[in-house]
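Given next are the chains, with one letter for each unit.
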Amino acid sequence: MGWVTGTLPSGMELFDVHRLRLVEGEAPALSAELEAARDQVWETAAAANPVLFDGPVVACAELQWEEPDTLFLRWAAVTYRHYALRRVVPGGGALPSLFVNAIQPTDDGRIVVARMSRATAAPGRWQLPGGSVEPPGDDEVLDEAALSGQAARELAEEVGVEVRPEELRLWAATRGGNLSVGLTYLAPALPEAELRSRFAAVVAAERAAGREPELAEIVFVRSPHELACLAGPHAHHVEPVVRRYAETPLRPGV
């Protein structure tokens with residue numbers, strides 16, 4: 001088994017996956033010296049960027065195919081400071097991160113792309129609505145239903161689109177920078193006017209509460225060319241997803 005599409009021009013890998021099997025593992029133990037170096041890098045970065053928060057996240061401990069359309073993923077609970085290891089041991093030391101994101105189409109075939117606000121760890125970056133996967137709580141499990149639930153929550157919090165987790169379809173997965181793995185879900189299409197209205201309501205509610213919204217703006221793109229016209233940094237996974245979506249015929253209503 002292997003990556004379905006191979007390496008894309010952007011350096012990303014994108015593949016079809018319809019089922020997931022997840023098993024909990026553990027992050028590698030660190031020596032005292034490596035742990036101290038990691039903490040020093042993290043504390044320096046956090047002092048320079050108060051937005052950084054050492055909250056719980058999920059990392060990929062192992063990733064492999066089991067069947068033609070099933071991906072096995074061993075995950076480990078870490079905190080954000082774990083990824084400071086990338087600066088301590090370039091090319092190794094840190095497990096890849098795991099995130100979910102959502103394709104939110106319009107009813108005329110475009111995709112929502114969002115620009116991160118200045119109150120985030122990546123201000124100005126264009127990406128799909130989504131975020132890092134969080135570990136399950138007590139008496140919970142991290143499975144397919146939990147991941148689609150996290151994708152639905154990100155879509156609601158960031159864009160204002162309320163969708164049931166079962167309405168989201170696992171559409172693709174990506175692997176790219178730092179070998180980070182993204183699970184991309186496809187949401188039901190909505191009219192552009194409704195999406196703009198829902199996003200405006202999220203922004204207004206956040207600002208009324210004295211908070212800066214996570215997303216500064218949303219735009220609608222139909223092709224990689226339109227995406228390339230957006231000034232500023234782009235998350236690595238966006239171009240391959242937009243390209244595949246533009247090239248994949250979809251049935252009406254899917």
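Up top is the structure.
Remember, predicted model here, so these are calculated numbers, not experimental data.

Let's shift gears to the overall build of the protein chain. Within the protein chain, the regular secondary structure consists of six helices and 11 strands. Taking 254 residues into account, the globule formula puts the C-alpha radius of gyration at 18 Å, and the protein chain, at 18 Å, falls close to it. With the principal axes as the frame, the protein chain shows a C-alpha extent of 55 × 50 × 40 Å. Looking at the protein chain as a whole, 44% of its 254 residues qualify as buried. Long-range contacts, defined as pairs at least 24 residues apart, comprise 67% of the intrachain contacts of the protein chain with a sequence gap of at least 6. By element, 51% of the accessible surface of the protein chain is carried by carbon and sulfur atoms, the whole surface being about 12500 Å². Here the protein chain contributes 23 positively and 36 negatively charged side chains, and the mean placements of these two sets differ by 5 Å.

The element strand β4 (residues 70-79) is largely enclosed, with a buried count of seven among its 10 residues. The sheet contact formed by strand β2 (residues 19-24) and β4 spans six bridges and is parallel. Across the sheet, Arg 21 pairs through a bridge with Phe 72, a residue of β4. When strand β3 (residues 56-67) meets β4, the two strands line up antiparallel, connected through 10 bridges. What sits directly across from Gln 64, in β4, is Phe 72. Once β3 ends, the chain turns through two residues before running back antiparallel as β4.

Within the structure shown, the criterion is met by 21 salt bridges. Residues Arg 153 and Glu 154 are paired through a salt bridge, measuring 4.0 Å at the closest nitrogen-oxygen approach. Owing to a relative accessible area of 30%, Arg 153 belongs among the partly exposed residues under this scheme. Look at the salt bridges and you will find they share partners, linking Asp 108, Arg 110, Glu 192, Arg 196 and Arg 222 into a network.

Calculation criteria
Residues numbered from 1 in each chain as written. Predicted model: local features only at pLDDT ≥ 70, side-chain atom pairs only at ≥ 80, totals over all residues. Heavy atoms only, no water. Helix = DSSP H or I, 4+ residues; strand = E, 2+ residues; numbered from the N terminus. Rg over C-alpha atoms; globule rule 2.2 N^0.38 Å. Buried < 20%, exposed > 50% of the residue type's maximum accessible area, 1.4 Å probe, protein only. Contact = heavy atoms within 4.5 Å. Areas by Shrake-Rupley, 256 points an atom, 1.4 Å probe, with all protein chains shown as cover. Lys, Arg positive; Asp, Glu negative; His and termini not counted. Charge placed at Lys NZ, Arg CZ, Asp CG, Glu CD. Pairing = 2+ DSSP bridges. Salt bridge = Lys/Arg side-chain N within 4 Å of Asp/Glu carboxyl O.

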